[in-house]
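Structure at a glance
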Amino acid sequence: MGKNETVQERHSIILNLLLEAELGQAIRKLGILCSTVPDWGMTSTFDSLNTTYGYMLQYFEKGIADESRTSMFRQLTAKAIILNDEVCTYLEHRSSMLLFHQTYRSLDRNSGNYGQYRNSLERFCRIAKNGTDTAGNTENGIADRILTDHETLLDSLFNDIWTSGMWDNEKCREICGLLKSRKISVSDRCLIISATTLSLLQRFDPQKFVILAELASDAETLVSARALTGLLLAASIYDNIIPYFPETVTSIASMAASDEIRPEVLAVQLALLLESDTDKVDRKIKDEIIPTLLREGSKMDKSGSSATTPEDFNPDWDGIMENSEIQKRIQEMTDLQMEGSDIYMNTFSNLKNYPFFRNVSGWFRIFEINQPDIRKSITGNAAIDPSVIQGFLASNLFCDSDKYSICLTADSIPEEQRRQIASQLSGQLDELKGIYANSSDRQSPIPFNTAVRLYIQDIYRFFKLFSRRHEFTDPFAGHINLFDASVLKPFTDDTQFERITAELLLKKRHYHDAAKLFGRLVSKRGNEGTDWQLWQKTGLSMQKSGLYGQAIDAYTKADILEPDNIWTLRHLASCYRESGHSERAIAFMLRAEELSPEDTSILLSTGELYMQTGQYNEAINRLFKASYLNPSSLRAKRDISWCTFLNGQYEKSAKHINEVLNDDVTAVTAQDLLNAGHIQWCTGNTSEAIGLYRQSLMMYGPDGFSEAFDKDSPLLLSRGISATDLSLMRDLLLG
């Protein structure tokens, strides 16, 4: 190993060797690493591993038959994977300044008595249920002290479990007792599950998989949602390691035996895919929806007096409002929210700087009104009735992390404004207040899909917004495709799972992944079945992935099952065109034209194909017909101008391109100006051509214009422009 390699780099090298079945080389490098660790247990484990592998090599050299050789090889690989983790973690614990290792060093490792933790948490839950004033006034010092002690205990337990190493049987039994105890509140159990998940994401541990698998079927929805989400996240990350650990494979496989868990796995997958698109959603809201609402709202403010009467409104305006940009954008926001997209990430991204969020555990806490920081913000001096806040936050619009942000922000709002907010909330949320008053905490029923969606939003915020997030490996750096994990095949190798997931991927324009799943679906069906829409969607995902041959096959099957479908015919034509088979494309467009002879879009597409193959008379007939049917079509005018140019009719071409340039100056493109320049130059109007080229250059920019001009150079040469003049023009324009 190189002297300058970091511990993590050495760990990765050894792990890759192990996964590539280079066990001997991995053991040699692991031996060098172990020699730097003054730990007898690890050294002893390595010696045993090395000796056993040495015997295996000797038996192999002597030709001794051994039916267990493959099994033993995999067992040694598994032991080496664990030892590699232990040694590298030990080395980093000593000096690394990463938060994980700093936290580990800050804890008293000898005080990790999980039995004491359990007793304390159960005692707190008893006190809360017996009516002790844990929800009382802030002047009640006993109540405040109990809540503060409970908070300190939870934070300590979270850090202990998060930074814990491999769990032996004793530790596994104790923590399992914590997680399964019905005498501990659901919110506390959920936090322990998150600590277990974060620990597992930090380092592979078969025991943690087993516990999460057991809790995935817990009767409490919040518990099972967190356990299953954590297990699936970890399984997708460790898919290449898990097969070496039979107990983990068995625990996951046993889960799949239950039909009830399959739709829950699907719910996790869909929520993960939607959350992975949060950056896109944020950009859409910031760049499209909000600017439109502000712009259109400003127009409405300036349109007339604010004092109106019923007689001021024309009933005919209703249709206009229904089709307005404002209504369209509001509907887009509604649709995003209804499908489960995370539309509040950007809103709350600047509200995560409170001390509460400096602790890792704060990001995974279920919202509780009696959390000490919240009591201080709400009941201390915010002048807001806590029960009203409870009613507001009882909704499932916000994840727990965002609910904490909402309440913690109260401290930064002037008192008068807080009172106004309190008054407004009191008037608007009476119904919610009444409903929530019957429940003392968040243990009320919540749909599993909702619990998963909100929890994944909490996880996403931690990995994207935590102040030291760069010290963690972000599972959301790419798409989390559970269907790619071989260990999860018992759940994902299912027609319903694949179909619904593929549909969402297609809708979100993740065409490559959609094509993968649609491909699996149709391969299972073969040529049987009558689901022509499945073949259409398969074709579209293949087409958008650039797999034109496979797309054509899928569209052809759709055409057989549902003949004369215009959508299918047009997409077949498009694929043949992209594949360089324009004549085949024309044949399908002619079929579409027969079905809808006055569809201007079909006429234009067919005309463009004829133009591409040099059949200008056929092209021009369709282009003029499209222009007649839709006189305002700029696409028709552009196509007619270019077609007549290619056909050598420069004056007609100039007439039609001028219509484009003069019709709507805001719609003129750099390509329009470039084409107009070509037309004028070939007509002999060099000065006019130069002026048009310069306008195009301003819109394109130097690089864009140079690329477009060079692309058209062969065409200009074929139209009589000399190579010398081309060079001069290029130098004149680009310098």
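Cut-offs used in this document
Residues numbered from 1 in each chain as written. Predicted model: local features only at pLDDT ≥ 70, side-chain atom pairs only at ≥ 80, totals over all residues. Heavy atoms only, no water. Helix = DSSP H or I, 4+ residues; strand = E, 2+ residues; numbered from the N terminus. Buried < 20%, exposed > 50% of the residue type's maximum accessible area, 1.4 Å probe, protein only. Polar contact = N/O pair within 3.5 Å; in protein donor to acceptor, adjacent residues only side chain to side chain. Contact = heavy atoms within 4.5 Å. Core = buried A, V, L, I, M, F, W, Y, C linked by side-chain atoms within 4.5 Å. Axes fitted to C-alpha atoms, helices over the stretch in contact; angles between N-to-C directions. Parallel < 35°, antiparallel > 145°, perpendicular 65-115°, else oblique. Left-handed = near helix turned anticlockwise from the far one by under 90°. Nonpolar A, V, L, I, M, F, W, Y, C, P; charged D, E, K, R; others polar. Phe/Tyr/Trp six-rings, centres within 6.5 Å; stacked < 30°, edge-to-face > 60°. Lys NZ or Arg CZ within 6 Å of the ring centre and 35° of its normal.

Overview of the side chain of H101
Examined against the element boundaries, H101 turns out to sit in helix α5 (residues 99-106). A relative accessible area of 2% means that H101 is categorised as buried. One polar contact links H101 to H93, side chain to side chain, over a distance of 2.9 Å. Ignoring anything within four residues of it in the chain, the contact list for H101 reads T89, E92, H93 and S96.

Some thoughts on the nonpolar core
F364 and Y693 are the most contacted members of the largest nonpolar core, which totals 194 residues. In this structure F364 touches F158, L191, S194, L198, R226, Y455, I459 and F462, once residues within four positions along its chain are discounted. One finds V281, I289, L336 and F348 within the second-largest nonpolar core, a separate group that totals eight residues.

Considering unusual backbone geometry
Despite not being glycine, R509 shows a phi value in the positive range, around 65 degrees. With respect to the helices, strands and loops of the structure, R509 is situated in the loop between α25 (495-507) and α26 (511-525). On the accessibility criterion, R509 (61% relative accessible area) is exposed. The phi dihedral of D564 falls on the positive side, at around 60 degrees, and the residue is not glycine. Note on placement: D564 falls in the loop between α28 (548-561) and α29 (566-578).

Notes on the packing of helix α13 (residues 261-276) against α25
Axis separation between α13 and α25 bottoms out at 11 Å; the angle between their running directions is 10 degrees. Accordingly, the angle class assigned to the pair α13 and α25 is roughly parallel. The chirality of how α13 crosses α25 is right-handed. Mapping the contact onto sequence places V265, L266, Q269, L270, L273 and L274 in α13 and F497, I500, T501, L504 and L505 in α25. Across the contact of α13 with α25, the residue classes tally to nine nonpolar, two polar and no charged.

Details of the packing of aromatic side chains
Scanning all chains against the criterion turns up 32 aromatic pairs. On the basis of an interplanar angle of 75 degrees and a centroid distance of 5.8 Å, the ring pair of Y555 and W567 is categorised as edge-to-face. Highlighted residues: Y555 in helix α28 and W567 in helix α29, separated in sequence by 12 residues. When the ring centre of Y244 is taken as reference, the NZ or CZ atom of R74 above it lies at 4.5 Å. Between the NZ or CZ atom of K557 and the centre of the ring of W535, over which it lies, the distance is 5.2 Å.

Keep in mind these values describe shape, not function.
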